[in-house]
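# Examining the three-dimensional arrangement
If you want the building blocks of each chain, they are given just below.
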Amino acid sequence: MTTQEYVHARLRNAIMVGAVQPESTLTIRGLAEYLELSPTPVREALRRLSSERAIELLGNRRISIPVMTAPRLEEILRLRMTLECHAARRALPFVSEVLIDRMRAIDDRMDDYIQSRDLDALTISNHEFHRVLYTANPHQTVLPVIESVWLQLGPFQRQMIRALEQFYLIDRHKEILTALRERDAAALALAIEADIEDGIGRAGREVLQAGQPESETHPAAGWM
């Protein structure tokens, strides 16, 4: 891994898990000093993140996290549903009982993270749960596109914790696992759509309608 790749991976992960808040403004020099690197690899990594629409490059060598809006949220939701349902259907013929057990173990860990209120671990495990399913298809090429969508949602997720508790009342991951065991492609797609809608859709709309209230460090009864 080159220095630029290292910086890109580290910043990308921080944004994807919501460690960087929307409307945060950072500087290239400040990031370089924090990472103890020269500004050049940081600048190049930020250009890549800008092309992924994860950040906005401002004047004076500053960067900003884009603010979520209602129309942008709806566009991202529809895109997530389309891409992830496609990826799940294509992966289904390659899903084994071993893989289902692995996904169940990840979901069990997520239940523990909910109890311990470990948001970073919860978000990372949620991504892992979905990633394990989609990459079961050895021919897949859609995961980088899906991860780009996750990247755009990362900072906003932390602002939805309070509203999420009201809406994610059914553990949709359990429905996904059941559909996988039954080899039911239609039920699998419905469970993924419901997971996205209940997890980030309804809660996200509530947050935006309320004017994006102050974020908390308390996880909800489920996660996207």
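For the structure given in this document, a descriptive report is provided here. (Residues numbered from 1 in each chain as written. Predicted model: local features only at pLDDT ≥ 70, side-chain atom pairs only at ≥ 80, totals over all residues. Heavy atoms only, no water.)

Right, let's get into unusual backbone geometry. In this structure, Glu36 takes a positive phi of about 60° despite not being glycine. Note on placement: Glu36 falls in the loop between α2 (28-35) and α3 (39-51). Look at Arg53: it is not a glycine, yet its phi comes out positive at around 65°. Mapped onto the elements, Arg53 comes out in the loop between α3 and β2 (56-57). Relative accessible area serves as the criterion here: at 54%, Arg53 is assigned to the exposed category. (Helix = DSSP H or I, 4+ residues; strand = E, 2+ residues; numbered from the N terminus. Buried < 20%, exposed > 50% of the residue type's maximum accessible area, 1.4 Å probe, protein only.)

For the structure on display, the rule yields 3 cavities of 30 Å³ or more. Considering only enclosed or pocket space, the second largest cavity measures out at about 50 Å³ in volume. Lining the second largest cavity are Ile15, Pro22, Arg53, Ala54, Ile65, Pro66, Met68, Arg72, Leu151, Gln152, Pro155 and Phe156. Per-element tally for the lining of the second largest cavity: the top contributor is helix α7 (residues 143-157), with 4 residues. Considered class by class, the residues forming the lining of the second largest cavity number 9 nonpolar, 1 polar and 2 charged. (1 Å grid on protein atoms, 1.4 Å probe; cavity = no way out; pocket = protein on both sides within 12 Å on 5 of 7 lines; lining within 4 Å. Points joined across faces, edges and corners; volume = space filled by probe spheres on them. Nonpolar A, V, L, I, M, F, W, Y, C, P; charged D, E, K, R; others polar.)

On to helix α10 (residues 185-209), then. Spanning 25 residues, α10 covers 34 Å between terminal C-alpha atoms, matching the ideal 36 Å at 1.5 Å per step. Maximum bend of α10: about 40°, positioned at Glu197. Where α10 begins, the capping side chain belongs to Asp184, and its oxygen is found 3.2 Å from the backbone nitrogen of Ala186. One or two steps after α10, the chain reaches Gly211, where phi turns positive at roughly 85°. (Expected span 1.5 Å × (residues − 1). Bend = angle between axes of the 7 residues up to and from the residue. Polar contact = N/O pair within 3.5 Å; in protein donor to acceptor, adjacent residues only side chain to side chain.)

The strand order β1-β3-β2 describes an open sheet built from 3 strands, whose pairing is antiparallel. A strand with exactly one partner marks an edge of an open sheet, and here the two such strands are β1 (25-27) and β2. (Pairing = 2+ DSSP bridges.)

Turning our eyes to something else, we now look at the packing of helix α4 (residues 70-91) against helix α6 (residues 119-134). Packing of α4 against α6 leaves a shortest axis separation of 8 Å and a crossing angle of 50°. One way to sum up the angle between α4 and α6 is to call them oblique. Facing α4, whose interface residues are Glu84, Ala87, Ala88 and Ala91, α6 presents His130, Leu133 and Tyr134. Of the residues contributing to the contact of α4 with α6, the split by class is 5 nonpolar, 1 polar and 1 charged. (Axes fitted to C-alpha atoms, helices over the stretch in contact; angles between N-to-C directions. Parallel < 35°, antiparallel > 145°, perpendicular 65-115°, else oblique. Contact = heavy atoms within 4.5 Å.)

A side chain with one charge can pair with a side chain of the opposite charge if their charged atoms come near. If you walk through the whole model with that rule in mind, you get 17 salt bridges. Between Arg104 and Asp101 there is a salt bridge whose closest N-O contact spans 3.6 Å. One end of the pair, Arg104, and the other, Asp101, are both in helix α5 (residues 97-116), 3 residues apart, so they sit about a helical turn from each other. Residue Arg104 is classed as partly exposed on the basis of its relative accessible area, which comes to 38%. With a shortest N-O distance of 2.7 Å, Lys174 and Asp171 are connected by a salt bridge. With relative accessibility at 34%, the residue Lys174 sits in the partly exposed group. Since its relative accessible area comes to 25%, Asp171 is described here as partly exposed. It is possible to trace a salt-bridge network through shared partners that takes in Arg12, Glu52, Arg131 and Glu147. (Salt bridge = Lys/Arg side-chain N within 4 Å of Asp/Glu carboxyl O.)

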